[in-house]
Amino acid sequence: MTYVDAQGRQVEQPADLVILSAFQFHNVHLMLLSGIGKPYNPITNEGVVGRNFAYQNISTIKAFFGKDVHTNNFIGAGGAGVGVDDFNADNFDHGKYGFVGGSPFWVNQAGVKPISGLPVPQGTPGWGSKWKAAVADHYTHHVSMDAHGAHQSYRNNYLDLDPNYKDAYGQPLLRMTFDWQDNDIKMSQFMHHRMHKIAVAMNPKEIIGAPKTQGAHFDTTVYQTTHMNGGAIMGEDPQTSALNRYLQSWDVPNVFVPGASAFPQGLGYNPTGMVAALTYWSAQAIREQYLKNPGPLVQA
Ligand SMILES: Cc1cc2nc3c(=O)[nH]c(=O)nc-3n(C[C@H](O)[C@H](O)[C@H](O)COP(=O)(O)OP(=O)(O)OC[C@H]3O[C@@H](n4cnc5c(N)ncnc54)[C@H](O)[C@@H]3O)c2cc1C
C-alpha cells in the first residue's frame, strides 16, 4: 500500500496483511481508489464496491412542558435512557402496514449538545433576543424522543468515485447517491405516530416534530444520524458482496475490512455494537485460520 507522510512524501509500505478499518465511508473510498473489488454499477446491477449503501431512518419528537415540570436536560447518562423495542425489526406483525423494518423509540437524556440540544416551540425566531428568551423558558422543561429506524438497501442508493470533484492529492472524492423510498416514508409515518401517542400521554403543552411526508427527498440539512452502512458488504456470493463472512475481500485475500460498510442493510439499532461484534469475529478468523494458512477463508 502507499500513503503520503507528514512531509508530503509518498511512501510504499509492504504488508502481508492489511486491515482496512477507516470508518464505513472511508473503507469504501479506499477500496475504490485502490481497485480492490469491482466497483458497483447501478445500471447493470453488477459490481460490488459501493452497493447496498443504506442509512438510518429517524424521527424525532420534542415535547414542551410548563415551568412546573423540570426535566434537567443538562445532566444524564446514556445508560439511564428508556427504550421501547416493540416496533423494531420483526418484533411485530407488519402484514397490514405495507412496509418492512422498524425502529426502537427512546428517551435518552445523556446531556444536551450545544445548539442542537436547545429546541424551542414552533414559531420561535431562529436567532436574537426572542430565541434566547425561548431557550431560557424551555431548556429545562422539554423531553426529546427519537426513533432510530432501520433502512433497507436499494439498487439506486450507492457510493462511487465522483467524476468531477477531487481532493488535494488529485484523488476523486467519494460520491453518495441517495434518496428515500416508499418503504422509508411508510415506516417513518408509522413509527412517528406510535411515538407521538407516548408523547401525548405525557401531557405536554406542545409537541413538535413530524414524520417524512409522501414524496419527501433526502435533505442534507436535516440530521439523520451519522450511522451509514454498506458499500463493502459481507455475503455468500462474490457477485453480490465485496467480502466473505469473515470480512475478507473476495478479490484481494490479504485485505480484511471491518466496519459498518459490511452491513447489507441499515439496522434499527445503532451500529457500533454490531461493528465490534463482527470485528471480533473477523479477528478470531484471522488469528485462528488466516495466519496459519494465508489465503481465501471461503472458496468462491
Ligand atoms: C457524531 C456521531 C455520533 C455517533 N453516535 C453513535 C451512537 O450513539 N451509537 C452508535 O452505535 N454509533 C454511533 N456513531 C457511529 C460510531 O461512531 C461508528 O459506528 C464507529 O465509530 C465505527 O467504528 P469504526 O472502527 O468502523 O470507525 P471509526 O471509529 O471512525 O475509526 C476509524 C479510524 O480510522 C482512522 N482513519 C481513517 N482514515 C485513515 C487513514 N487514511 N489513515 C489512517 N487512519 C485513518 C480515523 O481517524 C479513525 O480513528 C456515531 C458517530 C458519529 C460521527
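Located above this text is the structure these notes cover.
The shown structure was predicted, so the numbers you read here are calculated from the model rather than taken from an experiment. (Residues numbered from 1 in each chain as written. Predicted model: local features only at pLDDT ≥ 70, side-chain atom pairs only at ≥ 80, totals over all residues. Heavy atoms only, no water.)

## Quick word on the sheet that holds strand E7 (residues 142-149)
Here we have five strands laid out as an open sheet, ordered E5-E6-E7-E4-E10, and antiparallel in their pairing. Unpaired on one side and paired on the other, strand E5 (82-84) and strand E10 (206-208) mark the two borders of the sheet. Geometrically, the sheet is characterised by an average inter-axis angle of 20 degrees between neighbouring strands, direction not taken into account. Here three bridges tie E5 to strand E6 (residues 105-107), and the two strands are oriented antiparallel to one another. (Pairing = 2+ DSSP bridges. Helix = DSSP H or I, 4+ residues; strand = E, 2+ residues; numbered from the N terminus. Axes fitted to C-alpha atoms, helices over the stretch in contact; angles between N-to-C directions.)

## Quick word on the site of the ligand
Taken together, the neighbourhood of the ligand is formed by Ser21, Ala22, Phe23, Thr226, His227, Gly259, Asn270, Pro271 and Thr272. Separating an oxygen atom of the ligand from a backbone N or O atom of Pro271 is a distance of 3.5 Å. For the ligand, the accessible surface in isolation is 1000 Å², of which the surrounding protein chains cover 40%. (Near = heavy atom within 4 Å. Polar contact = N/O pair within 3.5 Å; in protein donor to acceptor, adjacent residues only side chain to side chain. Areas by Shrake-Rupley, 256 points an atom, 1.4 Å probe, with all protein chains shown as cover.)

## Details of a nonpolar patch on the surface
Among the surface-exposed residues, Leu267, Tyr269 and Met274 lie close enough to one another that they form a single nonpolar patch of about 270 Å² accessible area. Mapping Tyr269 onto the fold places it in the loop between strand E11 (255-256) and helix H4 (272-290). (Patch = residues over 30% accessible without salt bridge, like charges linked within 9 Å, V, L, I, M, F, W, Y side chains within 5 Å. Salt bridge = Lys/Arg side-chain N within 4 Å of Asp/Glu carboxyl O.)

## Description of the pairing of strand E4 (residues 57-64)
Along E4, seven of the eight residues are buried, which leaves the element largely enclosed by surrounding structure. Pairing of E4 with E7, which is carried by eight bridges, proceeds in the antiparallel orientation. Bridge pairing in E7 places Asn57 opposite Gly149. Two strands pair when backbone bridges link them, and E4 and E10 are joined in this way by three bridges, in the antiparallel orientation. Paired with Lys62 across the strands is Ile208, a residue of E10. (Buried < 20%, exposed > 50% of the residue type's maximum accessible area, 1.4 Å probe, protein only.)

## Let's talk about unusual backbone geometry
The backbone of Asn52 shows a phi angle near 55 degrees, a positive value even though the residue is not glycine. Along the chain, the position of Asn52 falls in the loop between helix H1 (24-34) and E4. Judged by its relative accessible area of 15%, Asn52 falls in the buried class. Located in the positive-phi region is Thr225, a residue other than glycine, with phi close to 65 degrees.

## With respect to the pattern of salt bridges
A complete count under the given rule lists four salt bridges for this structure. Between Arg9 and Asp5 there is a salt bridge, and its shortest N-O distance comes to 2.9 Å. For Asp5, a relative accessible area of 19% gives the class buried. Note that Asp160 is salt-bridged to Arg175, the shortest N-O span being 2.9 Å. In this pair, Asp160 is assigned in strand E8 (residues 158-166) and Arg175 in strand E9 (residues 172-177), connecting sequence segments 15 residues apart.

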